[in-house]
Amino acid sequence: MSELTVKPEVILHGISASPGIAYGPTFVYRKAELEVPEYLVTAERCEAEIERLNVALMQTRGQISRIRDQVEKNLGPEEARIFDAHLLVLEDQALISETEREIQTSGKNVEACFNLVSQRYIRAFAEIDDEYLRERAGDIRDVTSRVLHNLLGQTAENLNELLGRRIVVADDITPSDAATLDRSSAMGLVTESGSKTGHAVIVARSMKVPAVVGVREVMDQVENGEEVIVDGYDGVVIIRPSAQALFRYGQLRDEKQTFEKLLMNAVALPSITLDGCEVPLRANIEKEDEVDFVKEHAGAGVGLFRSEYLYLAAPRVPTEDEQYDAYRVVAEAFGAEPVVIRTLDLGGDKPMSGAPHLFPREDNPFLGFRAIRFCLEHLAIFKSQLRAILQASAHGNVHLMFPMISGRREMRKAREVLRECMDELRTEGVAFNPDMPVGSMIEIPSAALTADTLAEECDFFSIGTNDLIQYLIAIDRLNDRTAHLYEPSHPAVVRVLREVVEHAHAAGIKVSVCGEMAGDPVFVSLLLGLGVDELSMTPPLLPAAKYLIRSIKMEDAKDLARRAFELDSPSEIERLCIDFYRKHMLMD
Ligand code: PEP
Ligand code: MG
């Protein structure tokens with residue numbers, strides 16, 4: 001047998017998480033904890049160890065400067081500033097000379113000494129009372145880990161500096177990984193864990209990056225740089241594809257592109273059913289720089305601005321002014337169209353990597369210190385965000401909503417803090433809209449079940465089906481093992497949605513759905529039939545939703561909802577919705 005054995009094609013299946021087909025070389029992202037070796041060196045080697053430190057510092061400086069330039073090009077100067085702070089850590093004479101001293105006194109290798117000194121630094125900063133200085137701990141952790149990688153000769157490629165167009169293959173991608181993902185180079189995403197409604201996947205969808213998640217053992221099957229096909233429509237990953245597979249997928253990609261062009265033709269037309277009911281379609285965004293993307297897909301404003309993405313990968317809590325600038329850009333861009341800014345939903349799977357001291361480890365983070373619970377305890381952070389949103393409300397049709405509200409009492413507390421901020425701004429003579437609509441997300445069953453009393457405190461509801469379904473059927477939205485049980489078509493979901501809509505309408509307020517269910521064309525008609533007034537989704541999904549809305553009658557959608565309500569199994573309800581969808585969406 002020849003020595004050069006060609007590795008065979010491997011086909012793996014997972015969960016289709018973001019549509020599209022990608023083909024290219026992989027970047028296999030391993031986040032293993034660094035193992036730092038510790039050993040004694042001879043007295044003569046001490047100088048050489050110190051020299052190794054200098055080389056690693058220089059190497060790190062080069063890498064960070066490159067990332068800085070790239071981030072400035074892709075995301076702008078504000079985001080790039082983080083890396084200026086990182087460069088300063090490398091200039092810290094105390095850190096360097098303490099490491100040198102440690103090498104000389106302990107006689108140990110440079111990695112062990114540098115690790116010891118930097119851990120001491122991180123701890124000292126994390127314990128400081130001053131919030132700004134405390135947040136420097138995050139910078140030091142990032143930079144020193146990079147120096148250690150270089151000392152150990154490990155790969156320096158990471159998610160925010162991909163070396164060319166790559167398909168990212170990872171065990172897991174956190175939202176803060178996703179926030180720093182090199183958007184110009186990542187052309188596909190494959191992960192071992194995860195599900196359709198994980199936040200990282202939501203980001204992939206908004207970037208139009210094909211993604212397949214829950215692909216068991218993919219990390220063992222593929223090596224860095226090997227070619228793969230990612231089929232985000234059917235949840236298939238083909239490693240080292242054969243010529244036949246490449247041909248087949250090439251054809252499929254062409255067909256899908258033709259179909260997408262057809263959908264894009266509907267983009268400029270009104271979102272109105274055949275029997276004349278208008279359905280506003282708004283966009284879910286994570287950052288202010290998505291405005292043009294929303295406009296390309298004709299989003300009627302923003303139905304969900306996940307404001308926590310301004311925080312996730314930031315080295316420190318953004319200032320009031322930084323936030324105001326971001327919100328104002330979006331408010332101004334949409335003029336009279338609403339821009340619904342959701343206050344911070346940090347915690348759960350979204351801790352802030354630059355401020356780990358604010359997010360102590362929790363056994364059940366999704367049931368823990370998250371969103372409004374976090375904000376009501378960190379009032380300084382909460383108030384600076386509310387003040388920023390209020391100031392942006394003077395520049396457009398800004399709406400504000402609170403996430404993870406469990407019922408009326410919490411809503412009242414949140415509104416009380418908002419009132420305090422309004423009073424402060426009034427005293428300071430700063431402009432804002434005193435009539436800014438304020439709503440609650442409905443994503444906890446207790447809020448849904450008390451929607452009648454909660455509605456009295458709200459100007460609108462926005463249903464977050466991603467969390468509502470997770471809490472209603474007790475299915476972790478991130479767990480690939482139970483992902484098949486995460487069913488938007490569960491009769492409990494249908495009943496709860498109907499009840500929330502009825503209570504809201506009885507109180508004279510509107511209901512939007514902004515969870516991923518709103519952008520799934522299979523469920524769009526069901527939601528409208530249940531009486532939902534507006535839908536908000538990631539921009540690339542808007543054309544299909546509009547096409548569908550223009551092809552159905554509201555009367556038929558209501559009939560669909562009535563029939564779904566009579567059924568008692570998720571699969572029957574799903575089948576009913578799929579049949580309705582196929583009938584109206586060019587399929588039959
Ligand atoms: C939701 O839970 O449906 C929602 C829109 O919020 P997020 O996905 O950000 O938790
Ligand atoms: Mg949610």
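Our structure's up above, just so we're on the same page.
These figures come from a predicted structure and were not determined experimentally.

Undergrad: An account of the pairing of strand β3 (residues 21-29) is needed here, citing residue identities and associated values.
TA: Most of β3 sits inside the fold, with 7 of its 9 residues counted as buried. Note that β3 and strand β7 (residues 227-231) share 5 bridges and pair antiparallel. Residue pairing for β7: Y23 is matched across the bridge by I229.

Undergrad: I'd love a proper account of the packing of helix α20 (residues 521-529) against helix α22 (residues 554-566), names of residues and values included.
TA: When two helices pack together, their arrangement is given by the angle between the helix axes and the distance between those axes. Packing of α20 against α22 brings their axes to within 7 Å, and their N-to-C directions diverge by 90 degrees. The angle between the axes of α20 and α22 places the two elements in the roughly perpendicular class. Within the contact between the two elements, α20 uses S525, L526, L528 and G529 and α22 uses M554, A557, K558, L560, A561 and A564. Considering only residue class, the contact of α20 with α22 consists of 7 nonpolar, 2 polar and 1 charged.

Undergrad: Any chance you could break down the packing of aromatic side chains for me, citing the residues and the numbers?
TA: Taken as a whole and assessed by the stated rule, the structure comprises 6 aromatic pairs. Residues F305 and Y327 carry aromatic rings whose centres are separated by 5.7 Å and whose planes lie at 85 degrees to one another, so their mutual orientation is edge-to-face. Here F305, found in strand β10 (residues 302-306), pairs with Y327, found in helix α12 (residues 320-334); they are 22 residues apart in sequence, far enough to count as distant. Note on Y327: relative accessible area 0%, which makes it buried. Taken together, F359, F369 and F374 form an aromatic cluster joined through their ring pairs. Here R328 stacks its cationic end above the ring of Y324, 5.3 Å away from the centre of that ring. Lying across the ring of F565, R498 places its NZ or CZ 3.6 Å from the centre.

Undergrad: Now, about the sheet that holds strand β15 (residues 510-513): what can you tell me, with residues and values included?
TA: The 8 strands are arranged β9-β10-β11-β12-β13-β14-β15-β16 in a closed barrel whose pairing can be described as parallel. Strand-to-strand, the axes of this sheet are offset by a mean angle of 25 degrees, without reference to chain direction. Pairing geometry for strand β9 (residues 281-285) and strand β16 (residues 534-537), over 3 bridges, is parallel. Bridge pairing in β16 links R282 to S536.

Undergrad: Residue-level account of the sheet that holds β3, with values.
TA: With respect to topology, 8 strands assemble into an open sheet ordered β1-β8-β7-β3-β4-β5-β6-β2, the strand pairing being mixed. Only two strands of the sheet have a single partner each, and these edge strands are β1 (10-13) and β2 (15-18). Averaged over all adjacent pairs, the angle separating strand axes in this sheet is 30 degrees, with direction ignored. In this fold helix α7 (residues 199-206) packs onto β2, β5 (186-191) and β6 (211-213), with an angle of close to 55 degrees to the strand it touches most, β2. Packed on one face of the sheet, helix α9 (residues 243-264) meets β3, β7 and β8 (236-239) and runs near 120 degrees to β3.

Undergrad: Go over unusual backbone geometry with me, naming the residues and quoting the values.
TA: With phi around 50 degrees, R240 is a residue other than glycine that occupies positive phi space. Within the secondary structure layout, R240 lies in the loop between β8 and α9. With a relative accessible area of 17%, R240 lands in the buried category. In this model, A371 sits at a positive phi of 50 degrees, which is unusual for a non-glycine residue. Within the secondary structure, A371 is located in helix α13 (residues 371-377). For A371, a relative accessible area of 0% puts it in the buried group.

Cut-off values and rules
- Residues numbered from 1 in each chain as written.
- Chains lettered and ligands numbered in written order.
- Predicted model: local features only at pLDDT ≥ 70, side-chain atom pairs only at ≥ 80, totals over all residues.
- Heavy atoms only, no water.
- Buried < 20%, exposed > 50% of the residue type's maximum accessible area, 1.4 Å probe, protein only.
- Helix = DSSP H or I, 4+ residues; strand = E, 2+ residues; numbered from the N terminus.
- Pairing = 2+ DSSP bridges.
- Axes fitted to C-alpha atoms, helices over the stretch in contact; angles between N-to-C directions.
- Parallel < 35°, antiparallel > 145°, perpendicular 65-115°, else oblique.
- Contact = heavy atoms within 4.5 Å.
- Nonpolar A, V, L, I, M, F, W, Y, C, P; charged D, E, K, R; others polar.
- Phe/Tyr/Trp six-rings, centres within 6.5 Å; stacked < 30°, edge-to-face > 60°.
- Lys NZ or Arg CZ within 6 Å of the ring centre and 35° of its normal.

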